[in-house]
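As a plain string of letters, each chain reads:
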Amino acid sequence: MAETHVLFVEDDDVIREATTLALERDGFVVTAMPDGLSGLESFRARRPDIALLDVMVPGMDGVSLCRRIRDESTVPVIMLSARADSIDVVLGLEAGADDYVTKPFDGSVLVARIRAVLRRFDHSGGAQNGGQGGNDQGGDGERGVLSFGELEVDTEGMEVRRAGAPVALTPTEMRLLLEFSSAPGTVLSRDRLLERVWDYDWGGDTRVVDVHVQRLRTKIGQDRIETVRGFGYKLKA
């Protein structure tokens, strides 16, 4: 089995060293950098499997670094924030991060979150459940293509088109869209989406869902996913 390479950007020497040791004990290969600029250089040179970015690092902050990474790659990104209620959490998610962990954190919690994110990516084949059950919204069932107006979702090829033009989605956005497209017209609660898309088996921060839904809307059409206040979201068939 190939080793998983983690890029870890953290300016606090104690946290950086202790977290690196904890991740290495769990079998990860870690490249630890003290600032955003060296983190970006390392990312480009080594192409890690996942990036852990502290929000407040010198040179280039974690949010800006996340944006730069997302411009070049769909590699999963987890933001590390000192405050759960910080606006930096939302900014990080809006910049393209897939999840966040609040400091101080337990090493086992961080490892579990990393593994959950990786399961949604190449390690799990992309989308193992959503979107492949008997929807006949005008799509080609043999190829697994689902159609919703001008939106087409190829559940086998993991491709999305809007009005014939390809839409670039991150793996997390793709998993979210597959979950919606597997049950068009059905209201999906934030808790269900956290469980099915983020692999949370406990109550998590629903801001993760809300921000990803907003990001998805900008790509597939603002009116394609409807908010049902007090309940969740649904894909318009």
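Residues numbered from 1 in each chain as written. Predicted model: local features only at pLDDT ≥ 70, side-chain atom pairs only at ≥ 80, totals over all residues. Heavy atoms only, no water.

It is worth spelling out the pairing of strand β3 (residues 50–54) at this point. Within β3, five of the five residues are buried, leaving the element largely enclosed by the surrounding structure. Because side chains alternate across β3, one face comprises the buried residues Ile50, Leu52 and Asp54, and the other comprises Ala51 and Leu53, equally buried. Both strand β1 (residues 5–9) and β3 contribute to a ladder of four bridges, which runs parallel. Across the sheet, residue valine 9 finds its bridge partner in β3, namely leucine 53. Where β3 lies against strand β4 (residues 77–81), four bridges are found, and the strand directions are parallel. Paired with aspartate 54 across the bridge in β4 is leucine 80. Between the parallel elements β3 and β4, the chain passes through helix α3 (residues 62–72) in a crossover that is right-handed. (Buried < 20%, exposed > 50% of the residue type's maximum accessible area, 1.4 Å probe, protein only. Helix = DSSP H or I, 4+ residues; strand = E, 2+ residues; numbered from the N terminus. Pairing = 2+ DSSP bridges. Right-handed = clockwise from strand over helix to strand, strands pointing away.)

Okay, the confidence of the model for the protein next. For any part of a model where pLDDT is low, the fine detail of the predicted coordinates should not be relied upon. Looking at the protein as a whole, its pLDDT mean stands at 87, while 88% of the residues score no less than 70. Counted against residues more than four places away or in other chains, residues 123–142, with its pLDDT under 50, gives 37 contacts. (pLDDT = per-residue confidence, 0-100. Contact = heavy atoms within 4.5 Å.)

Below, the discussion takes up the sheet that holds strand β6 (residues 145–148). Pairing within the open sheet is antiparallel, and its four strands lie in the order β6-β7-β8-β9. Bordering the open sheet on either side are β6 and β9 (165–167), each of which pairs with just one other strand. When strand polarity is set aside, the average angle formed by the axes of neighbouring strands in this sheet is 25°. Bridge analysis of strand β7 (residues 151–154) against strand β8 (residues 159–162) gives four bridges, and the strand direction is antiparallel. Bridged to aspartate 154 within β8 is glutamate 159. Docked against the sheet, helix α6 (residues 171–181) engages β6, β7 and β8, running at close to 105° with respect to β7. (Axes fitted to C-alpha atoms, helices over the stretch in contact; angles between N-to-C directions.)

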